[in-house]
Amino acid sequence: MSEAGINDIHAAGARTKPYARSRPRRERAGGYTPDQPGAGFLFGASYHRSMVAPEWWQIALPMVLGVAVLLLANRAFADWLSPVVALVSAGVALSARLIGRLDHAAHGTRDRMVMVAVMIVAPMFGYGWGIAHWAQVGAVPWLQALAVLVSVALIATMIQSVRLAGLLCGQVAMWAAITCVVSALGGMLAMIIGVAIGSIAYARQREIDLAEYRRLQDAAREQTRAQEILADFEETGQGWFWETDRRGMILYISAPVADLLGRTAEDLVGRPLTDLFQVEDQAAGQSGNRGERTLTFHLSARSSFSDLTVRAAVRDEERWWAITGRPIYDTFDNFQGFRGSGADLTQQRRTQEHVSRLAHFDSLTGLSNRFFMSQSLEKILIAPQMRQRACAVFLIDLDRFKQVNDTLGHPAGDQLLKQVAQRLERGVGSAGRVGRLGGDEFQIILPGRIERPMLAQIAAHIIESLSQSYNLDGSRVMIGASIGIAIAPDDGVTSEALIRNADLALYAAKDGGRGRFHFYAPDLHSDAEERRQLEEDLRDALAHGQLELFYQPVVQTTTEKITGFEALLRWTHPEHGSISPAKFIPIAEDAGLIAQIGEWALRQACSDLAKWPGSVRVAVNVSALQFANPALPGIVTSALASSGVAADRLELEITESVFINDDDGNEAMFRALKRVGVRLALDDFGTGYSSLGYLKKAPFDKIKIDQSFVRGATQPGSRNGAIIASIVSLAEALNMETTAEGVETLDELDLVRLLGCSHVQGYIYERPLSAQAAADRLGSGLVAIARGPRAARALRQSILRRVVLEHGGQRYDANVRNISQSGALVEGLRNVPAGTVFRIQLSDGQVVNGTTRWSEEERMGIEFSEPLELDENGRIAVISTRRARQAPLSPAGTTVDGAQRRTG
């Protein structure tokens, strides 16, 4: 390799990135340091080994001493030339201390040889010639002169021991000078031999230097690479290093860690290692492992530790590290301190916390999930003390939530669930835990013994809160909620039993009309089994054609002629007989059968309509789920085409529930149906949850006045008449017809006719007829004759309540369907003879006597021996008492016992 190439390597080494942040290195004995010649490559300078030892100037002292000894021993003052030459040579050697730096700066061979010639060859030649000449002239004995020369040569050899070329040049120069004194020819020959030997020695020295250079270069490259790798590793923040002294004070710390702590590495040096951490929080970082030894313990015990979790002393954020360390000892087994590394655990802990949160909390609402709620309930129920095991469980199911999903889409449903979760958390507060079990089902756990009246108030408050309107991206939405309540330990001592019983209570609340709550009762198990069996039977009924339509006439008030019929669904069970729509329609909705039943009813009604006179219409109820189906116009068109009837003879009755969302989808559906040509009627007007704003957009042809406004309208002080008059005026202003539903007495008929209703529907004209009976009725003419009592009997209130009947020492379970001051409709006993007297337990502490007046299969009418009392609101006192004990009025104005429903 050429010297220029070597110098290029030197320059490349000088450009190598220094490891500025490396820890202080302990150098090996005899190794190269910045102060030593030959260490330049390691510290950024070009490398060469000098041919002149830096201690060479010290040879001057032996030279001077040698001259002095010979001079004093022999008093050889006569020959002044020889000692002068020797002393001058010593002076030249002494000057090597001053000009030696030039040798280190020399790069070329010529320059280096010149420096050898000046600092070694010249002084050694001059000194050898001077001493030899002194002996040659007889001033000093040759033996003494040789002794001095040998001594100086040996000392020079010691000084130049590791520099072969310089050593040989010096020795050859000295002995060649002696030879020249004795014989000029011999001196010349010695000089030639010396030059040859020096050249060979220089070449050999250069080989040695290159080999050493390459070794040092490789070592430096490895050291630099390792330092850069460690520096890059530290810079990434994945890990860092530290070192302490025996007192636990920091000797080294990675700069990124110091930056994270808002300090510099220099500031932290000399401070205790524990200042980097919040040692008091270490127990929290041990992931619950309280047996883990602390950092302070390991430092004091001088024991190794691995992956010890500590919290960093950072104020602005929570940051965790895993540190590893081991004690270090010197060769005499003396403790020197600790050395170790650290790694950032923050992201890992955050990931673990996120995973834990996903495992215990609902990702959509942030509430506790089913698993966590089950764990929480289990902890309460297995508490050590019995009094700590008391709690109440609320199961909450949202009413009409599926309609929101079907009409507005799942994103809107997700928004609604979030708002529901927020309202539940605000309502419960710190008194209990709120969780989402999935879908639209929520759960509340209230620990401790809470009396039923207080639980009733809490449930009523929750229902009222959830029934307030929601704003979903500009759409106003109204939903409701039903709640089932179970209490531990009364209703169960295990979480499975408690949840099962709360679920039964929830079903009872939904069966009672929704928008209410219900406490668990033992008899709910039989109700649940009955419901399940009815669902299976309903599926069979739909598959085997057991459902049928009955038709109730709609009569025009001015002509008293039948203008149409309303199609009413009926189900005659093969074992249980006729089942009320109020009982099986909710089951069909929950089971997802309502869409199939609705399409069947639409096609069947059109098929029956085709057999009637062309002036008669048929009205078919359309559920909110059907209305939200984009295929509805196509289904209607297909039904009309299959039956061959005109579109304007079909009237679709739509309830206000379709307006829980006021969006473009509703308007598009209305336009599509009007393009088909069917008539549209607004059913049960005034009983829904929407404003009158939709009447401006929806192209209705008729408004149907709900029977709840007709009932009691003729009673003194009733405001129902004013409400009917307002609805009629509104309909006339919008060019719509009106139909008063549920008219049963002549007084009610006279009133609705007087108030301007255009059509009437109710028992006053006809009960619902089968398809064949309706065809026969139309065959006898369209004129309808009102038949019925003049005035309404005592006001009845619809309920669904279990009662106990006692007769002849026997007790019978039965259900009360409706009740008035004078009597009640009771279900559950078959073929009871008229005149049978029962003792009836209506509620706790309320027992009345009643006599059976009529009986049909499982139903019978009972007349009370004494009229029941009314409360200040005009309601049956026993109903009010039950409501006060179990459930205040819900936002919809219904009671826990059951809302008044039109069953057709």
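This text goes with the structure placed above it.
Attention here is on the structure that accompanies the text. (Residues numbered from 1 in each chain as written. Predicted model: local features only at pLDDT ≥ 70, side-chain atom pairs only at ≥ 80, totals over all residues. Heavy atoms only, no water.)

Moving on, we come to the overall build of the protein. A tally of helices and strands in the protein yields 29 helices and 28 strands. The burial tally for the protein puts 46% of its 904 residues in the buried class. Pairs at least 24 residues apart make up 64% of the contacts formed inside the protein by residues separated by at least 6 positions. When the accessible area of the protein is evaluated, it comes to approximately 44000 Å², of which 54% is carbon and sulfur surface. (Helix = DSSP H or I, 4+ residues; strand = E, 2+ residues; numbered from the N terminus. Buried < 20%, exposed > 50% of the residue type's maximum accessible area, 1.4 Å probe, protein only. Contact = heavy atoms within 4.5 Å. Areas by Shrake-Rupley, 256 points an atom, 1.4 Å probe, with all protein chains shown as cover.)

Counting residues in hydrophobic clusters, the biggest one holds 78 residues, and the most contacted among them are L650 and F700. Ranked by residues supplied to this core, first place goes to helix α21 (residues 594–609) with 7 residues. Within the second largest apolar cluster, 37 residues are counted, among which are I59, I131, A173 and V181. (Core = buried A, V, L, I, M, F, W, Y, C linked by side-chain atoms within 4.5 Å.)

Taken together, 5 strands build an open sheet; the order of strands is β2-β1-β5-β4-β3 and the sheet is antiparallel. Each having just a single partner strand, β2 (250–253) and β3 (305–311) make up the two edges of the open sheet. Across the sheet, the mean angle from the axis of one strand to that of its neighbour is 25°, orientation sign disregarded. Relative to strand β5 (residues 335–344), strand β4 (residues 320–329) is paired through 9 bridges, and the arrangement is antiparallel. Each bridged residue has a counterpart across the sheet, and for Y329 the counterpart in β5 is F335. (Pairing = 2+ DSSP bridges. Axes fitted to C-alpha atoms, helices over the stretch in contact; angles between N-to-C directions.)

This part is about the sheet that holds strand β28 (residues 859–864). Strand order in the closed barrel formed by 6 strands is β23-β24-β25-β28-β27-β26, with antiparallel pairing between adjacent strands. The average angle at which neighbouring strand axes cross in this sheet is 45°, direction not considered. Pairing between strand β23 (residues 797–807) and strand β24 (residues 810–819): 9 bridges, direction antiparallel. When the sheet's bridge partners are listed, R801 is paired in β24 with V816.

A few words now on empty space enclosed by the protein. Throughout the structure, instances matching the rule amount to 3 cavities of 30 Å³ or more. Size it by volume and the second largest cavity reaches roughly 100 Å³. Lining the second largest cavity are 15 residues, with V554, G564, A619, E651 and K702 sitting closest to its centre. Among the elements of the structure, β14 (562–573), β16 (617–622), β17 (650–655), β19 (702–705), β20 (737–741) and β21 (759–761) are those that each provide at least two residues to the lining of the second largest cavity. For the lining of the second largest cavity, the per-class residue count stands at 4 nonpolar, 5 polar and 6 charged. (1 Å grid on protein atoms, 1.4 Å probe; cavity = no way out; pocket = protein on both sides within 12 Å on 5 of 7 lines; lining within 4 Å. Points joined across faces, edges and corners; volume = space filled by probe spheres on them. Nonpolar A, V, L, I, M, F, W, Y, C, P; charged D, E, K, R; others polar.)

Attention shifts here to the pairing of strand β25 (residues 823–827). In terms of burial, β25 is a largely internal element, 5 of the 5 residues being buried. With burial as the criterion, each face of β25 is covered, one bearing G823, L825 and E827 and the other bearing A824 and V826. Between β24 and the antiparallel strand that follows it, β25, lie 3 residues. As defined by bridge partners, β25 adjoins β28 across 5 bridges and the pair is classed as antiparallel. Bridging across to β28, L825 finds its partner in G861.

Judged by how many residues are buried, β14 sits mostly within the fold: 11 of 12 residues are covered. Of the pairings in the sheet, the one linking strand β13 (residues 547–556) to β14 comprises 9 bridges and is antiparallel in character. Its bridge partner being in β14, Q552 is matched across the sheet by E566. Here β13 folds back onto β14, and the loop between the two strands holds 5 residues, one of which, E560, carries a positive phi near 55°. Both β14 and strand β15 (residues 577–579) contribute to a ladder of 3 bridges, which runs antiparallel. Pairing of W571 across the sheet is with I579, part of β15. The loop that links β14 with its antiparallel partner β15 comprises 3 residues.

On to the pattern of salt bridges, then. Inspection of the entire model under this criterion finds 27 salt bridges. Here K702 makes a salt bridge to E651, at a shortest N to O gap of 3.4 Å. A residue pair is termed long-range when its members are at least 10 positions apart, and K702 in strand β19 and E651 in strand β17 qualify at 51 residues. The class for E651 is buried, based on a relative accessible area of 4%. The residue E653 makes a salt bridge to K704 at a minimum N-O spacing of 2.6 Å. Here E653, found in strand β17, pairs with K704, found in strand β19; they are 51 residues apart in sequence, far enough to count as distant. (Salt bridge = Lys/Arg side-chain N within 4 Å of Asp/Glu carboxyl O.)

Here we take up the packing of helix α6 (residues 142–159) against helix α7 (residues 164–182). Orientation of α6 relative to α7, taken along the N-to-C sense of each, is 165°, at an axis distance of 9 Å. In terms of orientation, α6 and α7 fall into the roughly antiparallel class. You can see that α6 and α7 cross each other, and the crossing is right-handed. Contacts between α6 and α7 involve W142, L146, L149, V150, V152, A153, A156 and T157 from the former and L167, Q171, M174, W175, I178 and V182 from the latter. Here the contact of α6 with α7 is built from residues that sort into 12 nonpolar, 2 polar and no charged. (Parallel < 35°, antiparallel > 145°, perpendicular 65-115°, else oblique. Left-handed = near helix turned anticlockwise from the far one by under 90°.)

Taken together, the side chains of W80, L81, V84 and V88 make up a nonpolar region of the molecular surface, amounting to roughly 400 Å² of accessible area. Topologically, L81 is positioned in helix α3 (residues 81–94). (Patch = residues over 30% accessible without salt bridge, like charges linked within 9 Å, V, L, I, M, F, W, Y side chains within 5 Å.)

Turning our attention to α21. For α21, spanning 16 residues, the distance from its first C-alpha to its last is 22 Å, which sits close to the expected 22 Å at 1.5 Å a residue. Those residues of α21 lying buried are I594, I597, G598, A601, L602, A605, C606, D608 and L609. Along the axis of α21, the buried positions cluster into a sector of 165°, meaning they face one direction only. (Expected span 1.5 Å × (residues − 1). Arc of directions from axis to C-beta.)

Time to look at the packing of aromatic side chains. The tally for this structure, following the rule as stated, stands at 14 aromatic pairs. Here the aromatic rings of F361 and F372 are separated by 5.4 Å at their centres, their planes lie at 55°, and the arrangement is tilted. Within this pair, whereas F361 is found in the loop between α13 (346–360) and α14 (370–381), its partner F372 is found in helix α14, the two being separated by 11 residues in sequence. Its relative accessible area of 24% is what places F361 among the partly exposed residues. A relative accessible area of 16% means that F372 is categorised as buried. Ring geometry for Y551 versus F565: centroids 6.4 Å apart, planes at 80°, classification edge-to-face. (Phe/Tyr/Trp six-rings, centres within 6.5 Å; stacked < 30°, edge-to-face > 60°.)

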